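# Topology and contacts: notes
Residue-level listing of the chains:
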Amino acid sequence: MAKWLQGTVVEQHLWCTDLFSIKIRTDPLQFKAGQFVNVGLIIDNKRLARPYSLVNTPQEALLEIHFNTVTNGTLSPLLASLKTGDNIEVSDRSSGLLTLDEIPDVPHLWLFATGTGVGPFLSILKTPEPWQRFEKIVLGYSVKNLEKLAYRSDFEALQTQHPDQFCFLPCVTREKIKATINSRITASR
Ligand SMILES: Cc1cc2nc3c(=O)[nH]c(=O)nc-3n(C[C@H](O)[C@H](O)[C@H](O)COP(=O)(O)OP(=O)(O)OC[C@H]3O[C@@H](n4cnc5c(N)ncnc54)[C@H](O)[C@@H]3O)c2cc1C
């Protein structure tokens, strides 16, 4: 049976009205970059839990999740209302096959994400492994509005660090934003 690590919220970030990230301190958790954990709150003596991908790397001390609030959702609005110091639980086991172990030895790594789906890719790209394994890495990251382009500065920093190896393709589909793709990727030049 899954065991639960007792955690504390140490930081919250509001990207825009319905988009959040929180950092959580727990006892050490082993996972591979790209994996997810179950995150839970005790409500009326019952645990309410859902899976969330980890945005941090396995080497970083704090766990980080990135999520949007789902209208009438059960857990996500509660997660969004958490404050520094609040209790939160994290499953002591991570899961998921969205890891570099699953990728064969190919020259180019292509990653495509929409919205909060970018979280596990950031975890992977902040580790040394992809930069050692792949000649080129392309990340297509699509959101509706610029304010939802979370972690943009992290990806731009990676672009600066790996100018010849990393191609960051931000797409903003409902606004015309300079230096981003504003249409279907296949329709862009
Ligand atoms: C492996 C895995 C990893 C996940 N990682 C993340 C993550 O990193 N970040 C994240 O935000 N979510 C993630 N999710 C989704 C997350 O687990 C919850 O389903 C989501 O936060 C809604 O939970 P809730 O309790 O608020 O809504 P619920 O009460 O469980 O669901 C309400 C309704 O909303 C629908 N719904 C679920 N997710 C969404 C969504 N994103 N947008 C619109 N409708 C939705 C459900 O199908 C359901 O009909 C992941 C799910 C899985 C299976």
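Residues numbered from 1 in each chain as written. Predicted model: local features only at pLDDT ≥ 70, side-chain atom pairs only at ≥ 80, totals over all residues.

Glancing now at the environment of Arg93. Within the fold, Arg93 resides in the loop between β6 (87-91) and β7 (108-114). Placed 64 residues apart in sequence, Arg93 and Leu29 show a C-alpha to C-alpha distance of 7.6 Å. (Helix = DSSP H or I, 4+ residues; strand = E, 2+ residues; numbered from the N terminus.)

Across the sheet, 3 strands lie side by side as β7-β8-β9; this open sheet has parallel pairing. Strand pairing shows two members of the sheet lacking a second neighbour, β7 and β9 (166-172), which therefore form its edges. Neighbouring strand axes in the sheet, compared pairwise and without regard to direction, differ in orientation by 10° on average. By the bridge criterion, 7 bridges tie strand β8 (residues 136-143) to β9 in an arrangement that is parallel. Each residue of the ladder has a partner; that of Leu139, found in β9, is Phe168. Across the sheet, helix α4 (residues 152-161) lies against β8 and β9, angled at about 150° from β9, the strand it touches most. (Pairing = 2+ DSSP bridges. Axes fitted to C-alpha atoms, helices over the stretch in contact; angles between N-to-C directions. Contact = placed C-beta atoms within 7 Å.)

The next thing to look at is the sheet that holds strand β5 (residues 63-68). In spatial order, the strands read β4-β3-β6-β1-β2-β5; together these 6 strands make up an open sheet with antiparallel pairing. Each having just a single partner strand, β4 (46-53) and β5 make up the two edges of the open sheet. Neighbour to neighbour, the strand axes of the sheet diverge by 35° on average, direction disregarded.

Quick look at the domain arrangement of the protein chain now. The assigned domain composition of the protein chain is domain 1 (4-91) and domain 2 (100-183). Between the C-alpha centres of domain 1 and domain 2 the distance comes to 23 Å. Sorting the residues of the side of domain 1 that touches domain 2 by element identifies β1 (4-16), β2 (19-25) and β5 as the ones contributing at least two each. Grouping the amino acids of the side of domain 1 that touches domain 2 by side-chain chemistry returns 7 nonpolar, 7 polar and 1 charged. (Domains from an automatic or database assignment. Nonpolar A, V, L, I, M, F, W, Y, C, P; charged D, E, K, R; others polar.)

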